[in-house]
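Report on the structure
Below are the chains, spelled out letter by letter.
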Amino acid sequence: MPVSRGRKRKKDNGRTAVQRQNAPALYPVPDDDCSCPICTGEVEDPGELVDALAADAGDLVEIEDPIEAEVMGALLLSSGELLGPEFEEALVGGLLPGLEARAGTEALALLLALGAVAEGEVHQAATAAAGRLVAAGTTRPAWAAELDEPVTVGECWHVGDPLGIASVLAGTFRRAGRSHGFLVTVDHLDCGAASEIALLDGNDLAGALDDMCAGARRDGVDLVRTSLDPADFRGRVEKALATRADHDRDELESDPGGVGLPDADTDDDGEPPYEVMATLLRSRLRTLPQPPRESTVSDHAASLPAKMLAQLVPRLGASPFDMPPGRRRRTEKLLPKRKKADGPAPIYQIKVSLRGAKPPIWRRLEVPANISLARLHRVIQAAFGWTDSHLHAFETPYGDFGIADPAIGHRAEAPVSLEQVAPAEKSKIRYTYDFGDDWEHEIVVEKILARESKTSYPRCTGGRRAAPPEDCGGIYGYAELLEVLADPDDPEHDDRLEWLGIDTAAEFDPAAFDVQEVNRRLSALR
């Protein structure tokens, strides 16, 4: 089975290498001379795209192992994520209906592959379209019956080295008599980001870990191997994947011309791109119990004995208990505040996005550049309909700001303006609300505009989808809430309706967004 390649900017140093198995190329390799929408990244004609995908799906019908079909679906989904936040809407509104209209076993195979690995609206739309084709008499591929079987989890492990350089998370899954396993390499010198993902035969995974530990002992390193419960495994892997996604997103924004669709070129082992493997792995993680609430201790540090922690602290320059994983500490000097002699402040057009939300949840706001962070906090609360019932903080390149608390390193937010911590277009900061649910918002300065004399600020000019209800458990809890509401037969369905204070699920519309209502709330702040 295949193994994903690590990030290109990092060299494989062999610290946690696992013997790789040759695997066929299960996904199309873009042709540099091809002008189709997939290779160019320009989806201009949905009909051409449907035809191209259906043609590629011809081989998909003949495969035996449904995992190969899932890899094909993961390729399409991971490619689309880099085309922009509207890709899911394009799938649901155009591509999936186009495949259904084309009909045929090839189109059905691709719909089944997409539905197997997608989530949310894309999963529902692909599954429903496939069901209608089957009802109309289209023949299902032979592997589809196996894909219908439930996925169960087997054993899960964490393997860490005493110096805190890297660790491995491994877990096995079983479906219809076949066993497979994922092995995720985590780079703790890269903020705990996932660096590689391996997909192995489940029966070989434990032996691969044994070989890894034995090889390390020969090199004089004793790796620490511990068992994990499925929920803990899910939480650790999701954190590593999310940190890698953050880093990849940063690279994309810093060099947008240098990144296109996921690079499907293969090395000598014919390995799928990391993005494809991550999409497939996420589909497995969704079958596991929800992870426990995050603690302030990093996953790596929590698994190490006290002696190892004593070795690790000097390497980091700070206690791992003081620095949440995946967040870099920066020490840039705060920029000076605007003076009256500098003239009126311009207007910042900012996009505030709820991190991890799929489909995306965001608001586009216009605020004075010199708005204080304390007032920006109230603006974000109003824009998303939060109730300001929990603590919050801004994370910036110049420090963390909120309610002043030296014990946790938060400086007072009221004296600091937005333009001091986000001085130019493309500047980014982060706003976290509710340290239990951890609603993290990415704030990006999209444009710097001239102030309009007859316009009142702040104002909202656009957005997408309703904000989640508070205290529902963060992004993961909100996804679970939506699943329960969508299934009247779920044993928790009625309890969730009662918790929301509604009689039917139809009264809660996660896709709803009313810019006028947001502006009414913002007007109360002026």
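Residues numbered from 1 in each chain as written. Predicted model: local features only at pLDDT ≥ 70, side-chain atom pairs only at ≥ 80, totals over all residues. Heavy atoms only, no water.

A few words now on the overall build of the chain. What the chain contains, in helices and strands, is 18 helices and 13 strands. Taking the contacts inside the chain whose residues are at least 6 apart along the sequence as the reference set, 68% of them involve residues at least 24 apart. Carbon together with sulfur atoms contributes 50% to the accessible area of the chain, which is approximately 24800 Å² in total. (Helix = DSSP H or I, 4+ residues; strand = E, 2+ residues; numbered from the N terminus. Contact = heavy atoms within 4.5 Å. Areas by Shrake-Rupley, 256 points an atom, 1.4 Å probe, with all protein chains shown as cover.)

Turning our eyes to something else, we now look at the sheet that holds strand E2 (residues 166-175). Strand order across the open sheet formed by five strands is E4-E3-E2-E1-E5, with antiparallel pairing between neighbours. Each of the sheet's edge strands pairs with one partner strand only, and the pair in question is strand E4 (193-201) and strand E5 (224-228). Ignoring strand direction, the axes of neighbouring strands in this sheet form an average angle of 20 degrees. In this fold helix H9 (residues 202-218) packs onto strand E1 (152-160), E2, strand E3 (178-187), E4 and E5, with an angle of close to 35 degrees to the strand it touches most, E3. Contacts from helix H11 (residues 274-285) reach E2, E3 and E4, with the element oriented near 70 degrees to E4. (Pairing = 2+ DSSP bridges. Axes fitted to C-alpha atoms, helices over the stretch in contact; angles between N-to-C directions.)

Right, let's talk about the sheet that holds strand E6 (residues 347-354) for a bit. The sheet built from eight strands is open, its strands ordered E10-E9-E8-E11-E12-E6-E7-E13 with mixed pairing. Across the chains shown, the open sheet's two edge strands, defined by having one partner strand only, are strand E10 (410-412) and strand E13 (459-464). Looking at each pair of strands side by side, their axes are set apart by 30 degrees on average, direction ignored. Both strand E7 (residues 362-368) and E13 contribute to a ladder of five bridges, which runs antiparallel. Its bridge partner being in E13, Trp 362 is matched across the sheet by Arg 464. Of the strands in this sheet, E6, E7, strand E8 (392-396), strand E9 (399-402), strand E11 (428-433) and strand E12 (439-449) touch helix H14 (residues 373-384), which is tilted by about 145 degrees from E7.

Across the eleven residues of E12, eight count as buried, placing the element largely inside the fold. Sheet topology note: the E6/E12 ladder contains eight bridges and is antiparallel. Paired with Tyr 348 across the two strands is Ile 448, which belongs to E12. (Buried < 20%, exposed > 50% of the residue type's maximum accessible area, 1.4 Å probe, protein only.)

Attention shifts here to the environment of Pro 150. Relative to the elements of secondary structure, Pro 150 occurs in the loop between helix H8 (144-148) and E1. Of the residues examined, Pro 150 reaches a relative accessible area of 58% and is grouped as exposed. Linking Pro 150 and Arg 174, residues 24 residues apart in sequence, is a C-alpha distance of 8.4 Å. Every residue in contact with Pro 150, bar those within four places of it in the chain, is listed here: Arg 174 and Arg 175.

Our next topic: the nonpolar core. Nonpolar side chains tend to gather and get buried jointly when the protein is soluble and globular. Leu 60, Trp 143, Phe 233 and Leu 241 are the most contacted members of the largest nonpolar core, which totals 56 residues. Those residues in contact with Phe 233, other than ones at most four positions away along the chain, are Cys 156, Leu 169, Ala 170, Gly 171, Phe 173, Leu 228, Leu 285 and Leu 288. (Core = buried A, V, L, I, M, F, W, Y, C linked by side-chain atoms within 4.5 Å.)

So, about a nonpolar patch on the surface. On the surface, Leu 391, Ile 403 and Phe 435 cluster together into a nonpolar patch covering about 290 Å² of accessible area. Taking relative accessible area as the criterion, Leu 391 reaches 48% and is therefore assigned partly exposed. (Patch = residues over 30% accessible without salt bridge, like charges linked within 9 Å, V, L, I, M, F, W, Y side chains within 5 Å. Salt bridge = Lys/Arg side-chain N within 4 Å of Asp/Glu carboxyl O.)

A few words now on the packing of aromatic side chains. Taken as a whole and assessed by the stated rule, the structure comprises five aromatic pairs. Consider the rings of Phe 173 and Phe 182, whose centres lie 6.1 Å apart with planes at 80 degrees: the pair is edge-to-face. No difference in accessibility class separates Phe 173 from Phe 182, as the two residues are buried. Of the aromatic side chains, those joined through ring pairs into one cluster are Phe 384, Trp 386, Tyr 433 and Trp 439. One Lys or Arg, Arg 244, reaches over the ring of Tyr 274 and ends 3.7 Å from the middle of that ring. One residue, Arg 363, lies across the ring of Phe 384, its end atom 4.9 Å from the ring centre. (Phe/Tyr/Trp six-rings, centres within 6.5 Å; stacked < 30°, edge-to-face > 60°. Lys NZ or Arg CZ within 6 Å of the ring centre and 35° of its normal.)

Right, let's get into the packing of H14 against helix H18 (residues 515-523). Across the interface, H14 lies against H18 with an axial gap of 8 Å and an inter-helix angle of 145 degrees. You can see that H14 and H18 cross each other, and the crossing is right-handed. Contacts between H14 and H18 involve Val 379, Ala 382, Ala 383 and Phe 384 on the former and, on the latter, Val 518, Arg 521 and Leu 522. Class assignment for the residues of the contact of H14 with H18 results in six nonpolar, no polar and one charged. (Left-handed = near helix turned anticlockwise from the far one by under 90°. Nonpolar A, V, L, I, M, F, W, Y, C, P; charged D, E, K, R; others polar.)

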